[in-house]
Amino acid sequence: QVQLVEFGGGLVQAGGSLRLSCAASGSISSIRVMGWYRQAPGKQREWVAAIITDGGRTNYADSVKGRFTISRDNAKNTVYLQMNSLKPEDTAVYYCNAQNSGFANSWGQGTQVTVSS
């Protein structure tokens, strides 16, 4: 079992920045990929970014490429999402995700990000 807790959401003006954090605990060694998803009101949850724990390779959705950066601090068992040049369409609840080698998923409780125009 992996437990995930997100921090760092809030309200920001368009063009601003926020950094989200996701602290993992429990069966840390089983995690193979960590990522961020988001869900806007009335929309399905969508994938935003991912980082492979072994090697650190990253990948991003086209909608955030060049603006968001995912990173990890293995010593702190924490993954970050640096969000720059935020747009109103980035407004959503952001969820941290961890996937183990058996493709089982763990989710955080979500953190609200609101970008005002």
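Provided above is the structure to which this section pertains.
This section reports on the structure supplied with the text. (Residues numbered from 1 in each chain as written. Predicted model: local features only at pLDDT ≥ 70, side-chain atom pairs only at ≥ 80, totals over all residues. Heavy atoms only, no water.)

Examining the nonpolar core
Using the following cut-off: Here, nonpolar core refers to any group of buried Ala, Val, Leu, Ile, Met, Phe, Trp, Tyr and Cys residues whose side-chain atoms link them within 4.5 Å. Summary of the burial criterion: residues with accessible area below 20% of their type's maximum are buried, those above 50% are exposed, and those between are partly exposed, where the area comes from a 1.4 Å probe applied to protein chains only. Under the DSSP-based scheme used, a helix requires at least four consecutive residues in state H or I and a strand at least two consecutive residues in state E, with every element numbered from the N terminus.
Judged by nonpolar contacts, the single largest core of 29 residues is most densely connected at Met34, Trp36, Leu81, Met83 and Tyr94. For this core, the elements supplying multiple residues, two or more each, are strand 1 (2-7), strand 3 (18-26), strand 4 (31-39), strand 5 (46-52), strand 7 (68-73), strand 8 (78-83), strand 9 (92-100) and strand 11 (111-116).

A short note on the pattern of salt bridges
The line we're drawing: By definition here, a salt bridge exists when the distance from a side-chain nitrogen of Lys or Arg to a carboxyl oxygen of Asp or Glu is within 4 Å.
In total, this model carries 4 salt bridges according to the counting rule given. With a closest N to O distance of 2.9 Å, Arg38 and Asp90 form a salt bridge. Here the residue Arg38 occupies a position in strand 4, and Asp90 occupies one in the loop between strand 8 and strand 9, the gap between them amounting to 52 residues. Residues Arg38 and Asp90 agree in their burial class; the two are buried. Linking Arg67 and Asp90 is a salt bridge whose minimum nitrogen-to-oxygen distance equals 2.7 Å. Taken together, the residues span a long stretch of sequence, with Arg67 in the loop between strand 6 (58-60) and strand 7 and Asp90 in the loop between strand 8 and strand 9 at a distance of 23 residues. Summarising the burial analysis for this pair, Arg67 and Asp90 share the class buried. Each of Arg38, Glu46, Arg67 and Asp90 takes part in salt bridges that share partners, so that together they form one network.

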